[in-house]
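Descriptive structure summary
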Amino acid sequence: MPASDYKQLIRECVLRDEDFIKATFSGQHRDRTVAWIKVVVRPVLVQGKKHMQFSYFDTKKDITKNYRDDESAAMLEQLIALEFKNVHVQSARRVITVTVTHKGKAIVRTGTSESQPRDPNLSHDRQKARLLTATGAAPFLKAVGIMSEDGKIRADMQSKFRQINEFLKLVQQTGELEKFSTLPLQVVDCGCGNAYLTFAFYYYLNSVLHIPTHLTGIDVNGELLARHSEKSASLGWSGLTFQTTSIIDFKPVTRPDIVLALHACDTATDEALAQGIQWDSKLIISAPCCQHHLQKQLDHQPAPRPFEAVERHSILKERLGDILTDTFRALILRIMGYQTDVVQFVSSEHTAKNLMIRAAKTVNVGDAKFVREYRDLKDFWKVTPYLEQLTGEDFTHLLAALPQTFHS
Ligand SMILES: C[S@@+](CC[C@H](N)C(=O)[O-])C[C@H]1O[C@@H](n2cnc3c(N)ncnc32)[C@H](O)[C@@H]1O
């Protein structure tokens, strides 16, 4: 297609389609220098008025600006003139993908929109969570055994399918996924096990959000991983690889931007959190599983008053141990510079283990308020969380740095 035609197609979809959702411009030709690695355009409502939001990303920063009417048309013209290598435009009904060769020839593909949301999201600061649809994700859902050959979610996989969507929604809600400017994104899934969520996350980032992503699933179960590698190859997903290793021994070639640890057993969760902190990963998502380390410490000492009544009942004592473990984890992450929240994550396999810790590296390290909370909680329960042992000196220095006078 001649350049003038594909440019007109982009203009029409971005400026005239009522249900326009998002346009992503990325990649540059070797002989050209474009200041931005990626530019994302999407409609937003600002004080009740429709604007076009332009987000410009380079390796160090991102700049976001909102424009109205003629101004947004002029900004789009500037963007089109930069002749990015790849353009992806999506409305609720159609998807246009343009690849411009280095000779200036445009290869244009058009199709119907995969996620088909009824309305484009106009929220000012967060993109609508566009999750998996059974139709769009069919090839991978079939490959991992969630969907039958006739295109239906298997009866015994309904809850897994719901869990996948719930997981994607909770990660999307952090608002962090679209902020990465150095691509491809590097993700590691620690203790990936059956890897349903691993495949889903890879698919979601690459094919729904169109964020180029490499993902490595790691686990100690090599047999399982060999099967996942075959499936990944059969889907042609070269960026999804698997490696047999324990989490603590894993040495990534490129620093991971995102660390996942979903129901990794016991202290494997702590290994993943410690690695994420040490790698300075921007986002750490963890759904803790069984936890015994702190439990054992509680078993070996009398309950502090007035907790005798709770510890009298083994199930309550166990839950208390779980809650304390996750509270310490959340505090350590916060002290190490991660804005952290703990939310409910419905699990299809571990119904009692239904928490998710979401941590984004966006705040200052060593905040005295949280150091004090951590020390108080630790002194009260007379325990040392495993994650503290794993984080080592970086963390203990921060604990020691706070003057004792702060300590209530
Ligand atoms: C309960 S499965 C979770 C699987 C998957 N993440 C999910 O949420 O469905 C836990 C997995 O963690 C792996 N695992 C446990 N400890 C590990 C460690 N220290 N290093 C690597 N993998 C580990 C196990 O082999 C198992 O496959």
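To be clear, the structure that these remarks concern was listed above.
Residues numbered from 1 in each chain as written. Predicted model: local features only at pLDDT ≥ 70, side-chain atom pairs only at ≥ 80, totals over all residues. Heavy atoms only, no water.

Looking now at helix α10 (residues 314–335). With 22 residues, α10 should cover 32 Å at 1.5 Å per step; its first-to-last C-alpha distance of 31 Å lies within 8% of that length. Gly-337, located one to two residues past α10, shows a positive phi value of around 100°. (Helix = DSSP H or I, 4+ residues; strand = E, 2+ residues; numbered from the N terminus. Expected span 1.5 Å × (residues − 1).)

With that settled, the discussion passes to the sheet that holds strand β9 (residues 213–219). What the seven strands build is an open sheet, ordered β10-β9-β8-β11-β12-β14-β13; its pairing is mixed. Looking at the sheet topology across the chains shown, the edges are occupied by β10 (240–244) and β13 (339–344). Across the sheet, the axes of successive neighbouring strands diverge by a mean angle of 15°, strand direction being ignored. Pairing analysis gives four bridges linking strand β12 (residues 283–287) to strand β14 (residues 355–360), with the strands arranged antiparallel. Counted as the bridge partner of Leu-283 is Ala-360 from β14. Taken strand by strand, helix α6 (residues 222–234) contacts β9 and β10, and its axis lies near 165° from that of β10. (Pairing = 2+ DSSP bridges. Axes fitted to C-alpha atoms, helices over the stretch in contact; angles between N-to-C directions. Contact = heavy atoms within 4.5 Å.)

Scanning the model with the defined rule gives 18 aromatic pairs in all. On the numbers, 5.2 Å between centres and 50° between planes, the contact of Trp-36 with Tyr-56 is tilted. Placement of Trp-36 in the loop between β1 (20–26) and β2 (38–46) and of Tyr-56 in strand β3 (residues 49–57) is noted, with a sequence separation of 20 residues between them. Look at Phe-307 and Trp-381: their rings are 4.8 Å apart centre to centre, the planes differ by 65°, and that puts the pair in the edge-to-face class. Residue Phe-307 is located in the loop between α8 (293–299) and α9 (308–311), and its partner Trp-381 is located in helix α11 (residues 368–381); the two are separated by 74 residues in the primary sequence. With a relative accessible area of 26%, Phe-307 lands in the partly exposed category. When its relative accessible area of 4% is taken as the criterion, Trp-381 is described as buried. Feature note: the residues Phe-140, Phe-199, Tyr-202, Tyr-203, Trp-237 and Phe-242 constitute an aromatic cluster, connected by ring pairs. The cationic tip of Lys-38 hangs over the ring face of Phe-57; the distance from NZ or CZ to the ring centre is 4.8 Å. Between the NZ or CZ atom of Lys-369 and the centre of the ring of Phe-370, over which it lies, the distance is 5.0 Å. (Phe/Tyr/Trp six-rings, centres within 6.5 Å; stacked < 30°, edge-to-face > 60°. Buried < 20%, exposed > 50% of the residue type's maximum accessible area, 1.4 Å probe, protein only. Lys NZ or Arg CZ within 6 Å of the ring centre and 35° of its normal.)

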